[in-house]
Structures are given as structure tokens and as C-alpha cells.
Amino acid sequence: MDIHEYQAKEMLKQFGVNVPRGGIAYSPEQAVYRSSELSGDRFVVKAQIHSGARGKAGGVKLCSTEDEIAEAAQWMLGRRLVTHQTGPQGKLVNRLYIEEATDIAQEIYLGFVMDRKLERVVVVASAEGGMEIEEIAENEPDSIIRSVVDPAVGMQAFQAREIAFSLGLEASLIAQASKTIMGCYKMIEETDAAMLEINPLVVTGGGEIMALDAKVSFDPNALFRHPKISELRDKSQEDPRETFASDRGLNYIGLEGNIGCIVNGAGLAMATLDVIKMAGGEPANFLDVGGGASPERVLKSFKAVLNDKNVEAILVNIFAGINRCDWIAEGVIMAVKELDLEMPLVVRLSGTNVEEGRKIIAESGLNIATAETLAEAAELVVAAWRNSTQLAEAS
Ligand code: GDP
Ligand code: MN
């Protein structure tokens, strides 16, 4: 789960990390008022959306006058800001963060990620901040410092100092920088964050270390331990199709195509997307119904898939191990009847209770196409989708 920049900064502050002073605004008028509460004569108006790269998309504006602040706020609020991380539909800006502008002497990249293979938090840092980490990795790979934290003892002061020295910071900044790194790690540990990225962490003209941007995301499996953090969830920043599915315990990821997919197992779901593409179609989603799916769960999956108005055909692909094909078949029939499904539907069942499952579908008298193999199923659904769209165009 992601949170907004200003929320991340508030948290960082509690862990001893320096951040600029700022305030939240929901209107141009409020934005101007917030700036009047701050000191200095330059301010930054920042769109609060769950995405990086806002700067390049016009979501971060340096302003010197009240008019400039109001104008920037007017432009950002209510806009769907499109960055290269949001997808073409962008993300809605409905709040702004107004900050005192910082005089930047140096920009540093500082990230903390959970390395699944090492099962450790890894600190990634570079003195070439300002760029995104992917760009740094491409342009200045040698500048990247990596440091693995041993969870048994946590981040140690010497380790934080080592990172600070590797960044080439002046001696007078080492203590501040290591305090920042220690603070970040403590925050990750105490909040079960899965990722924390400060880009840029800056050295100011006055010789201070400050987090100018902050992105953090939390492990959803640990949120039950952090009710205060759970409350920071902002559904306006999520894909509504994904919110609908995750609220119902389904593993769903929205895609851009029009063939809905209901599959069991993440691996088979990915393979299904590939095979649909090979057959000339475009998948609308990734959906893993999980193991032991009841007919009701299959019905919920249909609802999640149909929640996407671009869906024009559906492929159900089940390789049942702990699943039961008869339950899946019952769920499919329940869905077709309850949801008045009229679009092409192809079902491929294999594994546990496959004969019962196929029988249930065959005897239902409903218009459901069946297939033996995944390749055949994909060909069928793509052909059926083509036919139905041609029919729709002709009529
Ligand atoms: P992002 O584009 O979403 O990563 O947003 P950031 O918060 O990182 O802002 C983008 C860029 O704007 C930063 O990398 C800085 O170069 C610049 N910027 C942000 N805040 C300030 C500020 O207070 N002063 C100055 N001079 N530049 C800033
Ligand atoms: Mn940034």
C-alpha cells in the first residue's frame, strides 16, 4: 500500500529525518494561505499523487509570488496527472503540498528495498541523485552503493557512516547523513515498510541534510499491525478495478485489452496472458482465483472481470490441483445466469474432478465453449471475440 509524499515526510520527521516545512491545501486559496504560514520567499507547490516523476509532468512547481502559487494550484487540482509511472489514464490530483523551497547544493539518491532473495533490507544510494534510479543504473552504474542490513542487529551506526563516506560527503555532514540513514531504517523496521525511496535527499546551501521527496509503500500483509497506517490508504489513487478485486480478496491486475481472464495460479495466469497475445488477442486483466476456489469465489471473479467495461470476451483457464473443476463449473454457470452474461465465454478445465466439471457445463445448456488445451482455448476465445465484435460493427 502506498501513501502520499506529505504523509511519508511526516513519518520520517518522527524518526529524526529533516524535511522542509509545509502544509496541505485543497484549493488555490488554501495553497496561498499555507504559504503565508511558512517562512522564506520561495515555495514549492507539489501535486500529491501516488507516483514519482511528477516534476517532469508539471506536478512540482517552484513559485515566488502568491499569484504563481494560486495559478500552479489551479492548474494541478482536479487534473489527472500523467507521468511515465501512472499509465495513460493518469492519477487524480485532489490535494497539494505547499513547502518552503530549499536551496539545493547537492542531490543524493537514497533507497531502501526488501531484497527477496537475500531476505534482507538493502540500502541503495548514489551521489548522482535527482535522476531516477533506473537512469542512474544506466548512466552512472559505478556511482551506486549497496549495503545489506543484517536483520538480527539492524542498521548499525558504523554501517550508516560507511554509506555516508561512500557518498563522498564532507566530514561535517557525516553525522547528519548517518542519523538520516539510521532514522530511515528504524522507520522501515517499525512500520513494516516494504520500500522507502528518498529522491532527492539533498545537501542544502546551509549545510543541512534534508529529504526533499519521499515515497514509501507498506507490506499489505502487515497492515493489520498498523491501524494508523491503514487509515492513510487513498483509494482515489488506485485503479478502481483493482480496488474492487482486492476488497474481495482476489489477486487482480488491470490491463489494457478486452479479453477477461480467470485463471488459477499466478504462473498459469501469466502463461495465459502470453498465449492470448500469441493468438492475436489482448488480455484485459491478470486474475488468480487461488486454490480451493468455491463457486461463490468464481462468481466474484466474474464480477471483478466484468467491472472493466472494456471486456468483450472471457477465458476461464483452470488447472485444478487443490481446486475442483466441478466447483469451478458450478461457479461459471452461476455467473452466466446471475450476471446475464452474453459475451463469448470459453472454459478450459483440467485436473481434479475434470469429468464432473465438463459434464456440469455440457448439461447446463448454456452457450459456453470448451477447450482441452490452453492453446486451443486461447485460439477459441480470440476467434469468438473477433466474430462478436464484427457482428456488433455490422449491426
Ligand atoms: P518527483 O518528480 O515526483 O520525483 O518529485 P520531487 O519531489 O523529487 O521533485 C522533482 C524535482 O524538483 C526534484 O528532484 C528537485 O530537483 C526539484 N525540487 C523539488 N523541491 C525543490 C525545492 O524546494 N527547491 C528546488 N530548488 N528544487 C526543488
Ligand atoms: Mn523525486
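So, here's what we can say about the structure. (Residues numbered from 1 in each chain as written. Chains lettered and ligands numbered in written order. Predicted model: local features only at pLDDT ≥ 70, side-chain atom pairs only at ≥ 80, totals over all residues. Heavy atoms only, no water.)

1. Quick word on the coordination of the manganese ion (ligand 2)
Put simply, the test is: Sodium, potassium and calcium take a 3.2 Å donor cutoff, other metals 2.8 Å, and in both cases only N, O and S atoms count; water is not among them, so sites may look incomplete. Helix and strand definitions here come from DSSP, where helices need a minimum of 4 consecutive H or I residues and strands a minimum of 2 consecutive E residues; each element is numbered from the N-terminal end. The buried label applies to any residue whose accessible area, calculated with a 1.4 Å probe on protein chains only, is under 20% of its type's maximum; exposed applies above 50%, and partly exposed to all values in between.
Within the protein, N199 (O) and D213 (OD) serve as the donor atoms for the manganese ion (ligand 2), at 2.1 to 2.2 Å. Placement of N199 in strand β10 (residues 193–204) and of D213 in the loop between β11 (209–211) and β12 (215–218) is noted, with a sequence separation of 14 residues between them. Each member of the pair, N199 as well as D213, is classed as buried.

2. Some words on a negative patch on the surface
Inclusion rule: Each patch is built from salt-bridge-free residues with over 30% relative accessible area, joining like charges within 9 Å and nonpolar side chains (Val, Leu, Ile, Met, Phe, Trp, Tyr) within 5 Å. Residue-level accessible areas treat just the shown protein chains as cover; the underlying method is Shrake-Rupley with a 1.4 Å probe. In the sections that follow, a salt bridge refers to a side-chain nitrogen of Lys or Arg positioned within 4 Å of a carboxyl oxygen of Asp or Glu. Two residue types count as positive, namely Lys and Arg, and two as negative, namely Asp and Glu; His and chain ends fall outside the count. Working definition for charges: the position is that of NZ of Lys, CZ of Arg, CG of Asp or CD of Glu.
A surface patch of negative charge is lined by E66, D67, E68 and E71. In this structure, D67 sits in helix α3 (residues 66–76). On the basis of relative accessibility, which here comes to 60%, the residue D67 falls in the exposed class.

3. Thoughts on the site of ligand 1
Definition in use: The rule for a residue being near a molecule or strand is that one of its heavy atoms must lie within 4 Å of it. Distance and chemistry together define a polar contact, namely a pair of N or O atoms within 3.5 Å, with one atom able to donate a hydrogen and the other to accept it when in protein, and with adjacent residues in sequence counting only for side-chain atoms on both sides.
Close to ligand 1 lie 16 residues; K46, R54, G55, T102 and E107 are nearest. One of the side-chain N or O atoms of K46 is found 2.6 Å from an oxygen atom in ligand 1. In the model, an oxygen atom of ligand 1 is placed 2.7 Å from a nitrogen or oxygen of the R54 side chain. At the level of secondary structure, the elements contributing two or more residues to the shell around ligand 1 comprise β2 (43–47), β3 (60–63), β7 (104–115) and β10.

4. Observations regarding the pattern of salt bridges
Taken as a whole and assessed by the stated rule, the structure comprises 21 salt bridges. For K9, the salt bridge goes to E99, with nearest N and O atoms at 2.5 Å. In this pair, K9 is assigned in helix α1 (residues 5–14) and E99 in strand β6 (residues 96–100), connecting sequence segments 90 residues apart. In this pair, the class of K9 matches that of E99, namely buried. Two residues, E135 and K56, come together in a salt bridge whose shortest N-O distance is 3.5 Å. Of the two residues, E135 sits in helix α4 (residues 133–139) while K56 sits in the loop between β2 and β3, which places them 79 residues apart along the sequence.

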